[in-house]
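Report on the structure
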Amino acid sequence: MKFTMHFLRITGAVSLLYLIFVLIVSGRKTSFLWFWPATAAGCFLVSAYLHYVIRHASSTSLLPAKILTGVIWTCLIVFLAVESVIITSSMKSPDTNADYVIILGAQVRGDKPSKTLNMRIEAAYKYLAANPDSIAICSGGQGEGENISEAECIANGLTKRGIDPSRILLENQSTNTVQNLSFSKAIIGDPNCSVVLVTSDFHMYRALKIAAHQGFTDITPCSAKEFLVTTPGYYIREFFALTKDMICKNL
């Protein structure tokens, strides 16, 4: 239990330091920011409980503490296993000459792409430039703080890079990944068409699972590789997003 206590203290301290770093670099509106103070508080509280049990050890207090320790390490092992699958999925290469390339939207700031979206646009451009017969489907609606839809922002980025507008279709009604793929599938019409899916590396595994659940039979990943200050948080967020989509039967 002492090792677990020290591990929790270190995890809590790292969470607080990372929170401060993200606040300085990315600002307080960064998504999933609440997770870090919540994690720090939880780690410090549980470590304090284990410290108390160790100092006042008795047969009645040791058992629940041991069970709690076991639960903590079991959850950590499950988390690391899922994260390894997420990371591995993002490393696969797309098939060439796909019929369609679906580019999933991300935040637009005014009418400019966020760094995450810009990386997706760049990854899509490279694939479309190398595979001139593929048709792009830009997917994403217009959210709060966005002057244009995410789909339009993606299309603008592709045309500025030299992709012919005749190769670009817009899906500008979706508000989440499930709708991105569902509405894009409706545009394609035939789920058996070959499709390359472009999204961020941390998001790829869940997006592919949702696509398979919706009936896409020939879909391969084209990950936008990124490492921003917020990327570790995005990978952790995906664990909870996967859990939610499993509960909602989206996978």
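Attention here is on the structure that accompanies the text.

Basis of the calculations
Residues numbered from 1 in each chain as written. Predicted model: local features only at pLDDT ≥ 70, side-chain atom pairs only at ≥ 80, totals over all residues. Heavy atoms only, no water. Helix = DSSP H or I, 4+ residues; strand = E, 2+ residues; numbered from the N terminus. Contact = heavy atoms within 4.5 Å. Buried < 20%, exposed > 50% of the residue type's maximum accessible area, 1.4 Å probe, protein only. Axes fitted to C-alpha atoms, helices over the stretch in contact; angles between N-to-C directions. Parallel < 35°, antiparallel > 145°, perpendicular 65-115°, else oblique. Left-handed = near helix turned anticlockwise from the far one by under 90°. Nonpolar A, V, L, I, M, F, W, Y, C, P; charged D, E, K, R; others polar. Core = buried A, V, L, I, M, F, W, Y, C linked by side-chain atoms within 4.5 Å. Polar contact = N/O pair within 3.5 Å; in protein donor to acceptor, adjacent residues only side chain to side chain. Patch = residues over 30% accessible without salt bridge, like charges linked within 9 Å, V, L, I, M, F, W, Y side chains within 5 Å. Areas by Shrake-Rupley, 256 points an atom, 1.4 Å probe, with all protein chains shown as cover. Salt bridge = Lys/Arg side-chain N within 4 Å of Asp/Glu carboxyl O.

Attention now goes to the environment of V108. Position of V108 relative to the elements: it lies in strand β2 (residues 108-109). Taking C-alpha positions, V108 is 26 Å from P94, a pair spaced 14 residues apart along the chain. Beyond its immediate stretch of four places on either side in the chain, V108 contacts L117, G145, E146, I148, S149, E150 and C153.

Its identity as a non-glycine residue notwithstanding, N97 has a phi of 55°, on the positive side. In this fold, N97 is placed in the loop between α3 (59-89) and β1 (100-104). The exposed category is assigned to N97, whose relative accessible area is 51%. One non-glycine residue, K249, lies in positive phi territory at about 60°. Among the secondary structure elements, K249 is positioned in the segment after α8 (231-247). With relative accessibility at 64%, the residue K249 sits in the exposed group.

Moving on to the packing of helix α4 (residues 115-130) against helix α5 (residues 150-160). For the pair α4 and α5, the least separation of the axes is 9 Å and the interaxial angle reads 50°. Classified by the angle between their axes, α4 and α5 sit oblique to one another. Read as a crossing pair, α4 and α5 show a hand that is right-handed. Only C153, I154, G157 and L158 of α5 make contact with α4, whose side of the interface consists of L117, I121, A124, Y125 and L128. For the contact of α4 with α5, the residue count by class is eight nonpolar, one polar and no charged.

What follows concerns the nonpolar core. Grouped together as the largest cluster of nonpolar side chains are 25 residues, with contacts concentrated most on I103, C138, L158 and V198. Among the elements of the structure, β1, α4, β4 (135-139), α5, β6 (195-200) and β7 (219-224) are those that each provide at least two residues to this core. Here this core gets six residues from one element, more than from any other, and that element is α4. Among the nonpolar cores identified, the runner-up in size contains 16 residues, and I137, L181, I188 and C193 belong to it.

Mapped onto the fold, R120 is located in helix α4. By relative accessible area, which is 5% here, R120 ends up buried. Within the structure, R120 has its side chain in polar contact with the side chain of S200 (distance 2.8 Å). Discounting residues that sit within four places of it in the chain, R120 has contacts with I103, L104, G105, A106, V198, T199, S200, F202, H203 and A224.

Turning our attention to a nonpolar patch on the surface. Taken together, the side chains of L17, I20, F21, I24 and V25 present a nonpolar region at the surface, about 530 Å² in accessible area. Among the secondary structure elements, V25 is positioned in helix α1 (residues 2-25).

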